[in-house]
Amino acid sequence: MTNSQVTQEERFLFDLQGFLVLQNVLSPMDCSRLLQVLSDLEEKEYADEWIDSLGPGPPARPTKETNRTDQVRINGLPRLNPVFDHLIDHPRVLPYLKEFVGEPQLINTWSISKFQGAEPGGYHRGVQPTDHTFREGAIRTRMLNTVYFLTENGPGDGCLVAVPGVHKCNIDLNWRDYRGLNLPGSVAVTGEPGDVLIFSEAVVHDGLPKTTANTRSNLYYNYVHTHYNPMMREPRNCHHFYIPQNIRERFSQSQRDLTAWMELAKWDF
Ligand SMILES: O=C(O)CCC(=O)C(=O)O
């Protein structure tokens, strides 16, 4: 049952906290190549004609989001540049996806760059503690996020903040009432460029305020168990979840396997 590439200590810590930081997953050269492409993408404007095709309804998220002060988010990375493909099945991360999700499928990808002055967005979680189980020796979390740190993620850099163990909590607070380290039990999740944070989306999390001058850029690759229906999660944002066949054709077999749900989904926009 246990995946030999994930140690018993890592299983212990992930079970206990709901997250792990893997060190030195990306080389400095990987980080600078990804940062270069990301900063070009952040400079561009996007027509997002697909939003008009959806017709009237609640707002959909554009490719480039600048609605938050001193922050830019880019959605749907593999649609925008092939440099992002290799993170779908990064060999250092894949064993953890299998160990903690079982049968993982990529649901969403995005980047967040923060500049001095960026404020927290608000505490949230992607799934509930009931979506995280331990049965017959297997840890199973229904949604697992992997966060690639391309730059320093120190406490003043607007790093993520999370409550260890909250993926199993029995008492919820009004998460949005808390800011940064005011939430009881919260800790700054820090790391160096090239590190990867793996966390169950049942963990309540946010970002800390960005007080330092350097830019903080992270990439987010979010996975769900294969029985989760990605198209039903945020129907008007499926554009960013779904990677068209003409792009998937360039994927390796393992990247295609991790995005197999896209062959069964209908998305024409
Ligand atoms: O990177 C951050 O500051 C927070 C990101 C986050 O909470 C999210 O993308 O859900």
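Residues numbered from 1 in each chain as written. Predicted model: local features only at pLDDT ≥ 70, side-chain atom pairs only at ≥ 80, totals over all residues. Heavy atoms only, no water.

(A) Representation of the packing of helix α1 (residues 8–17) against helix α5 (residues 94–101) in the model. Where α1 meets α5, the closest approach of the two axes is 12 Å, and the angle between their N-to-C directions is 55 degrees. Taken together, the axes of α1 and α5 are oblique relative to one another. Two packed elements cross with a definite hand, and for α1 against α5 that hand is right-handed. Counted together, Glu10, Arg11 and Phe14 of α1 and Tyr96, Glu99 and Phe100 of α5 form the full contact between these two elements. Class assignment for the residues of the contact of α1 with α5 results in 3 nonpolar, no polar and 3 charged. (Axes fitted to C-alpha atoms, helices over the stretch in contact; angles between N-to-C directions. Helix = DSSP H or I, 4+ residues; strand = E, 2+ residues; numbered from the N terminus. Parallel < 35°, antiparallel > 145°, perpendicular 65-115°, else oblique. Left-handed = near helix turned anticlockwise from the far one by under 90°. Contact = heavy atoms within 4.5 Å. Nonpolar A, V, L, I, M, F, W, Y, C, P; charged D, E, K, R; others polar.)

(B) The confidence of the model for the protein chain, seen in detail. When the pLDDT values of the protein chain are averaged, the result is 96; 99% of them are 70 or greater. Ranking the elements of the protein chain by mean pLDDT puts helix α3 (residues 49–53) last with 92 and strand β7 (residues 143–149) first with 99. (pLDDT = per-residue confidence, 0-100.)

(C) Representation of the site of the ligand in the model. Around the ligand sit Trp110, Ile112, Lys114, His124, Gly158, Leu160, His205, Gly207, Arg216 and Tyr220, and those are all the residues in its vicinity. Interatomic distance of 3.2 Å between a side-chain N/O atom of tryptophan 110 and an oxygen atom of the ligand. Interatomic distance of 2.7 Å between a side-chain N/O atom of lysine 114 and an oxygen atom of the ligand. In isolation the ligand offers 290 Å² of accessible surface; the protein chains occlude 90% of this area. Breaking the shell around the ligand down by element, the ones donating at least two residues are β4 (104–114), β11 (205–207) and β12 (216–225). For the shell around the ligand, the element with the most residues is β4, which contributes 3 residues. Taken together, the residues of the shell around the ligand break down into 4 nonpolar, 4 polar and 2 charged. (Near = heavy atom within 4 Å. Polar contact = N/O pair within 3.5 Å; in protein donor to acceptor, adjacent residues only side chain to side chain. Areas by Shrake-Rupley, 256 points an atom, 1.4 Å probe, with all protein chains shown as cover.)

(D) Highlighting the environment of alanine 138. On the secondary structure map, alanine 138 appears in strand β6 (residues 138–141). Look at alanine 138 and you get buried, because its relative accessible area is 10%. Taking the C-alpha atoms as reference, alanine 138 lies 8.6 Å from glycine 102; in sequence the two are 36 residues apart. (Buried < 20%, exposed > 50% of the residue type's maximum accessible area, 1.4 Å probe, protein only.)

(E) Examining the packing of aromatic side chains more closely. Under the defined criterion, the tally for this structure stands at 5 aromatic pairs. With a centroid separation of 6.3 Å and an interplanar angle of 50 degrees, the aromatic rings of tyrosine 96 and phenylalanine 100 are classed as tilted. Of this pair, tyrosine 96 and phenylalanine 100 both sit in helix α5, 4 residues apart, which is roughly one turn of the helix. Take tyrosine 96 and phenylalanine 100: they sit in the same class, and that class is buried. Through successive ring pairs, a cluster of aromatic residues spans Phe14, Tyr96 and Phe100. (Phe/Tyr/Trp six-rings, centres within 6.5 Å; stacked < 30°, edge-to-face > 60°.)

(F) Geometry of the sheet that holds strand β9 (residues 187–189). Strand order in the open sheet formed by 3 strands is β9-β8-β11, with antiparallel pairing between adjacent strands. Both outer strands of the open sheet, β9 and β11, are each paired with one neighbouring strand and no more. Here the strands of the sheet are splayed against their neighbours by 35 degrees on average, with no regard to which way each runs. (Pairing = 2+ DSSP bridges.)

(G) Up close: the pattern of salt bridges. Taken as a whole and judged by the stated rule, the model has 10 salt bridges. When the shortest N-O distance is used, the salt bridge between arginine 250 and aspartate 85 registers 2.7 Å. Placement of the pair is arginine 250 in the loop between α7 (245–248) and α8 (253–257) and aspartate 85 in the loop between α4 (77–80) and α5, with a sequence separation of 165 residues. Relative accessible area serves as the criterion here: at 37%, arginine 250 is assigned to the partly exposed category. Here aspartate 131 makes a salt bridge to arginine 142, at a shortest N to O gap of 3.3 Å. Of this pair, aspartate 131 sits in the loop between β4 and β5 (132–135) while arginine 142 sits in the loop between β6 and β7; the two residues are 11 residues apart in sequence, bridging distant segments of the chain. For arginine 142, a relative accessible area of 35% puts it in the partly exposed group. (Salt bridge = Lys/Arg side-chain N within 4 Å of Asp/Glu carboxyl O.)

(H) Seen up close, the nonpolar core. If you look at the biggest cluster of nonpolar residues, it comprises 56 residues, and the most contacted ones within it are Phe84, Tyr148, Leu219 and Tyr221. If we ignore the near neighbours within four places in the chain, the residues touching tyrosine 148 are Val25, Leu26, Leu87, His90, Val93, Asp195, Val196, Ser217, Asn218, Leu219 and Tyr221. Listed in part, the 22 residues of the second largest apolar core include Trp110, Cys169, Trp175 and Val203. (Core = buried A, V, L, I, M, F, W, Y, C linked by side-chain atoms within 4.5 Å.)

(I) Local environment of the side chain of asparagine 222. Topologically, asparagine 222 is positioned in strand β12. Residue classification places asparagine 222 among the buried positions, given a relative accessible area of 5%. If sequence neighbours within four positions are ignored, asparagine 222 has contacts with Gln105, Leu106, Ile107, Asn108, Trp110, Met143, Leu144, Asn145 and Glu201.

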